[in-house]
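Coordinates in review
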Amino acid sequence: MTVTPAAPEVVLSVRNLCISYLTRRGRLRAVNKVSFDLHAGETLALIGESGCGKSTINLGLIRLLPPTGTIDSGEIVYRRRDGQTVDVRGLTTGQLRQFLWRECSMVFQGALNSLNPVIKISSMIYDTAAAHGMDKKEARDRALDLFQKVRLDPRRVFNAYPHELSGGMRQRTLLATALLLRPQVVLMDEPTTAVDILTQRSIIDVLKRLREELNFSVIFISHDLAVAAEIADTVATMYAGEIIEMGPVAEVFYRPRHAYTLGLLEAAPRLSVGREELHSIPGSPPDLVEPPPGCRFHLRCRFATDECRTTPPPLTTAPEDERHTVACYHTATILKTRQEELARD
Amino acid sequence: MINPAPAAAAPLVALRHVYQTYKKDNHLLRVLQDINLEIHPNEILCLVGESGCGKTTTGKIIAGLLTHTEGEVLFKGRPPASYTGARERADLRRTLQIVHQDPFASLNPAHTIGQILSYPLQRHGMVSGRAALRRRIWELLTLVDLTPPGDVVNKYPHQLSGGQRQRVSIARALTVQPGLIVADEAVSMVDVSIRIGILKMLHRLREELRLAIVFITHDLALAKYFAWEGRIAVMYLGRIVEIGPTPQVIGQPAHPYTRALLAAVPEADPDLTRHKQQIPLRSEDIPALAAIPPGCAFHPRCPFHVPGLCDASLPPLAVPAGFQQQAACLPLHQPEGLRRYGT
Ligand SMILES: Nc1ncnc2c1ncn2[C@@H]1O[C@H](COP(=O)(O)OP(=O)(O)OP(=O)(O)O)[C@@H](O)[C@H]1O
Ligand SMILES: Nc1ncnc2c1ncn2[C@@H]1O[C@H](COP(=O)(O)OP(=O)(O)OP(=O)(O)O)[C@@H](O)[C@H]1O
Ligand SMILES: [Mg+2]
Ligand SMILES: [Mg+2]
């Protein structure tokens, strides 16, 4: 079971973040009033189905949204190692360039296939280092050390072109590169999606070990509950642009209080649990240009009552664990349902 | 025991010593080697394994969409060449259907759902008259839970969600009343929250229509759930390395490769997944198909390999003592199985 020591410092604090895209049909609110704190050394997993806004949050945090996307409101405050705080929304373009990689780096969704095929890994490393004033020798030493840590043959990979590496090797190369400038925070968007089982395993293992050695924080995006269960300290469930439940991983998996989290858990097969009774969530996610009134999940929710249909549920704190927050009117019923299901297993 | 169908009936599809080879830059790519499979009516067979191991190729051969290089493929006990009349050939073609991973790519975006379903119905003469056509389309949409059908029938594929589109693909496969459906990663692109609904529907269709389903996936937890009452075949570099009833293959895996795969899969349960015993491999990289290792193709990565044995001869696919499934592993077939090697 996960044990939480005295809360470490907050490195990234997000408050009421709202992000929208301009579309032909109007303004699409992809991220709505999202708040969370990311602590030093913590891995936060953002889970939720396709289109719920996971990638948009990550892109917003580092201000790399496409031209049609804007941060409408909210705060993004980053705390540097020297204790100074940085208002990420207020950074100039030049400051932002320094902030990326050095303070906060990322492994993008689908990055695996976007490595420039004519650029050697070594040039990629040197370019990144040069942009941040790290000299060639230091960059090389650091890269070789990191490649070793992610279980790659350092010299071979350093001198390779991307196409000479397997998918798993490329993903580990990207992970190592993200750590080149010793950032405090690494954002990872579906780093284990579309890779094979054994490759996924090696990425998970490498990530776990690196985290222990280098103690960076991670925001890990995944639609795979199993990967989140394995690597996250904290899990945030997103639905239709909102974080509707967040808490320590064991709380969210064993004592969920939101109907959507419960639904995701009921739909997730587990390999080493014999015959299972699984259920899917009826319907599909709502239109984000015109989200439904009340709780955004109510149209698909088997627990929905009148107030769910009219008034968005406020975020409340679980009485047993103050780190566990949830926006649902039926927390007690849902908790009870899950516990009965677990008792049946 | 491995093929629980009545002995009298010929299997819907049988593959005997099937090989598939491609030539590429003077290399021979042995994509499939010595594949032996029987699929009976109403049966579930799941093909699992890592990318490139030959699942899709096997699925296409089973569906009659690809001609193999060597060996024998029998449909209802007869080779395809023996299906001579136009009528017979059309019958065979409609018996075997395939559903692909990406419904967006396989549904014509310019046609409504109603049109997409009516073409095969008309082409194969499954219905006569407009009223019957309409009734059948309504029936099919209901069968795949796209209800009320009136809401869907005039829509275009892009107006449906991914899950709904995949239901349309399945409905289209059902237009011709097939006996077997190959579902190749059919729910891989569908969201986790709705996947189970589609799988349950496939289960129901299997019962109601006595369909056989060949389910191809790289997701072992999904394979376990879907094929619990059927069989799983684990493929590695073009060969079946283990095959048998799902509860046995998943619960008591025999082949070291199956064991490594199962151990590597994270579980949607924090305690369970963090306490899973890993099986460390000797090498992380899959050898290229153009350079398949001699003997057991898995031996360079296998933590239990026996030098002089595993790299020297090809392991036969056979039932090891104490197991109910077949596995291709030489040490496993020796008197004390893998225990002798400290596992
Ligand atoms: N460039 C864009 N222009 C307009 N809408 C966009 C754009 N990018 C994303 N969206 C919309 O914003 C919402 C959130 O998308 P986002 O990519 O953040 O979701 P996600 O949770 O990362 O999904 P996935 O799991 O599929 O990666 C979706 O409704 C999506 O259609
Ligand atoms: N027409 C072809 N010519 C040459 N090689 C081919 C051809 N078709 C398939 N292959 C190769 O055969 C191997 C098996 O391919 P196949 O698509 O059956 O694998 P798979 O198990 O379905 O993989 P995935 O999980 O990625 O879908 C691959 O290495 C592939 O590149
Ligand atoms: Mg995304
Ligand atoms: Mg395939």
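Since the structure is predicted, the reported quantities are computational estimates derived from the model, not experimental observations.

1. With respect to the pattern of salt bridges
Residue and element names in this part refer to chain B. In this structure the tally under the stated criterion is 38 salt bridges over all chains. The salt bridge partner of R94 is D91, with a shortest N-O separation of 3.3 Å. Note that R94 and D91 are positioned in helix α2 (residues 86-95) at a spacing of 3 residues, about one turn of the helix. When its relative accessible area of 28% is taken as the criterion, D91 is described as partly exposed. Measuring nitrogen to oxygen at the nearest pair gives 2.7 Å for the salt bridge that ties R136 to E139. One end of the pair is R136 and the other is E139, both in helix α5 (residues 130-143) and 3 residues apart, which spans about a single turn.

2. Thoughts on the site of ligand 2
Residue and element names in this part refer to chain B. Every residue close to ligand 2 is listed here: Y22, L29, V31, E50, S51, G52, C53, G54, K55, T56, T57 and L289. In the environment of ligand 2, an oxygen atom lies 3.3 Å from a nitrogen or oxygen atom belonging to the backbone of C53. Within the side chain of T57, one N or O atom sits 2.5 Å away from an oxygen atom of ligand 2. Its free accessible area being 640 Å², ligand 2 has 62% of it covered by the protein chains. For the shell around ligand 2, the elements supplying multiple residues, two or more each, are β2 (27-39) and α1 (55-62).

3. Observations regarding the domain arrangement of chain A
Residues and elements named next belong to chain A. Under the domain assignment, chain A is made up of domain 1 (10-232) and domain 2 (258-344). The distance between the C-alpha centroids of domain 1 and domain 2 comes to 29 Å. Each partner contributes residues to the interface: domain 1 has 12 residues there, and domain 2 has 10 residues. Buried area between domain 1 and domain 2, both sides added, is near 930 Å², and the carbon and sulfur share of it is 55%. Looking at the side of domain 1 facing domain 2, the largest losses of area belong to R25, E49 and L225, adding up to 52% of the total buried there. Where domain 1 packs against domain 2, one counts 2 salt bridges. Across the pair R300 and E49 runs a salt bridge whose closest N-O atoms are separated by 3.0 Å. Counting the contacts that link domain 1 with domain 2 gives 3 residue pairs in polar contact (both at pLDDT 80 or more). The greatest single-element share of the side of domain 1 that touches domain 2, amounting to 5 residues, is contributed by strand β2 (residues 26-39). When grouped by side-chain class, the residues that make up the side of domain 1 that touches domain 2 number 4 nonpolar, 4 polar and 4 charged.

4. A few points about helix α4 (residues 136-149) of chain A
All names here are of chain A. With 14 residues, α4 ought to run about 20 Å at 1.5 Å a step, and its terminal C-alpha atoms sit 20 Å apart, in line with that. Among all positions of α4, only A139, R142, A143, L144, L146, F147 and K149 are buried. Turning to α4, the residues buried within the fold contact α3 (121-131), α5 (154-158), α6 (167-178) and α7 (197-214). Capping the start of α4, D135 holds a side-chain oxygen 3.1 Å from the backbone nitrogen of K137, two or three residues further along.

5. Some thoughts on the sheet that holds strand β5 (residues 96-99) of chain B
Paired through their backbone hydrogen bonds, the strands of a sheet run either parallel or antiparallel. Residues and elements named next belong to chain B. Spatially, 7 strands are ordered β5-β6-β7-β3-β8-β9-β10 in an open sheet, and the strand pairing comes out mixed. At either end of the open sheet lies a strand with only one pairing partner, and these are β5 and β10 (326-327). Taken strand by strand, α2 contacts β5 and β6 (180-184), and its axis lies near 35° from that of β5. Here helix α10 (residues 256-264) sits on the sheet in contact with β8 (231-236) and β9 (239-245), set at roughly 100° to β8.

6. Points about the packing of aromatic side chains
Summed over the entire model, instances satisfying the criterion amount to 9 aromatic pairs over all chains. Where Y239(A) meets Y260(A), the ring centres are 4.6 Å apart and the plane angle is 55°; that geometry is what we call tilted. Note that Y239(A) is positioned in strand β9 (residues 234-239) and Y260(A) in helix α10 (residues 259-266), a separation of 21 residues in sequence. The class for Y260(A) is buried, based on a relative accessible area of 0%. Ring centres of Y236(B) and Y257(B) lie 4.5 Å apart, and the angle between their planes is 50°; on these two criteria the pair is classed as tilted. Taken together, the residues Y236(B) in strand β8 and Y257(B) in helix α10 connect sequence positions 21 residues apart. For the pair formed by Y236(B) and Y257(B), the shared burial category is buried.

7. A word on the site of ligand 1
All names here are of chain A. Around ligand 1 sit 17 residues in total, of which S50, G51, K54, S55 and T56 are the nearest. One of the side-chain N or O atoms of T56 is found 2.4 Å from an oxygen atom in ligand 1. Within the residue set of the shell around ligand 1, elements represented by two or more residues are β1 (10-23), β2 and α1 (54-61). Among the elements that take part in the shell around ligand 1, α1 stands out by supplying 3 residues, more than any other. The residue inventory of the shell around ligand 1, partitioned by class, reads 6 nonpolar, 8 polar and 3 charged.

8. Points about the side chain of S169(B)
Looking at the element boundaries, S169(B) is found in helix α6 (residues 162-174). Not counting the four nearest positions on each side in its chain, S169(B) is found in contact with V99(B), P103(B), S106(B) and L107(B).

9. Overview of the interface of chain A and chain B
Accessible area lost during the coming together of the parts is what is often quoted as the interface size. Each partner contributes residues to the interface: chain A has 47 residues there, and chain B has 42 residues. Between chain A and chain B lies a buried interface of about 3,800 Å² when both sides are counted; carbon and sulfur atoms form 56% of it. In terms of surface lost to chain B, no three residues of chain A exceed I197(A), L198(A) and L271(A), which account for 22% of the buried area on that side. Where chain A meets chain B, there are 4 salt bridges. At the junction of chain A with chain B, the criterion picks out 22 residue pairs in polar contact (both at pLDDT 80 or more). Listed by contribution, the elements that provide at least two residues to the side of chain A that touches chain B are α6, α7, α8 (225-231) and α9 (249-254) of chain A. The element contributing the most residues to the side of chain A that touches chain B is α8(A), with 7 residues.

10. A look at the domain arrangement of chain B
Residue and element names in this part refer to chain B. The domains assigned to chain B are domain 1 (13-108 + 180-248) and domain 2 (252-343). Buried surface at the junction of domain 1 and domain 2, summed over both partners, amounts to about 2,100 Å²; 64% is from carbon and sulfur atoms. Where domain 1 meets domain 2, there are 1 salt bridge. Between E50 and R301 there is a salt bridge, with its nearest N and O atoms 3.8 Å apart.

11. Considerations on the sheet that holds strand β4 (residues 70-75) of chain B
All names here are of chain B. The 3 strands lie next to each other as β2-β1-β4, forming an open sheet whose pairing is antiparallel. Strands at the two margins of the open sheet, each flanked by one partner only, are β2 and β4. Neighbour-to-neighbour, the strand axes of the sheet open up by a mean angle of 25°, direction not taken into account. For strand β1 (residues 13-24) and β2, the ladder comprises 9 bridges, and the chain directions are antiparallel. Counted as the bridge partner of V18 is I35 from β2. On the sheet, α1 packs against β1, β2 and β4 and is oriented at approximately 55° with respect to β2.

Each value, and the rule that gives it
Residues numbered from 1 in each chain as written. Chains lettered and ligands numbered in written order. Predicted model: local features only at pLDDT ≥ 70, side-chain atom pairs only at ≥ 80, totals over all residues. Heavy atoms only, no water. Salt bridge = Lys/Arg side-chain N within 4 Å of Asp/Glu carboxyl O. Helix = DSSP H or I, 4+ residues; strand = E, 2+ residues; numbered from the N terminus. Buried < 20%, exposed > 50% of the residue type's maximum accessible area, 1.4 Å probe, protein only. Near = heavy atom within 4 Å. Polar contact = N/O pair within 3.5 Å; in protein donor to acceptor, adjacent residues only side chain to side chain. Areas by Shrake-Rupley, 256 points an atom, 1.4 Å probe, with all protein chains shown as cover. Domains from an automatic or database assignment. Contact = heavy atoms within 4.5 Å. Buried area = accessible area lost by both parts, 1.4 Å probe. Nonpolar A, V, L, I, M, F, W, Y, C, P; charged D, E, K, R; others polar. Expected span 1.5 Å × (residues − 1). Pairing = 2+ DSSP bridges. Axes fitted to C-alpha atoms, helices over the stretch in contact; angles between N-to-C directions. Phe/Tyr/Trp six-rings, centres within 6.5 Å; stacked < 30°, edge-to-face > 60°.

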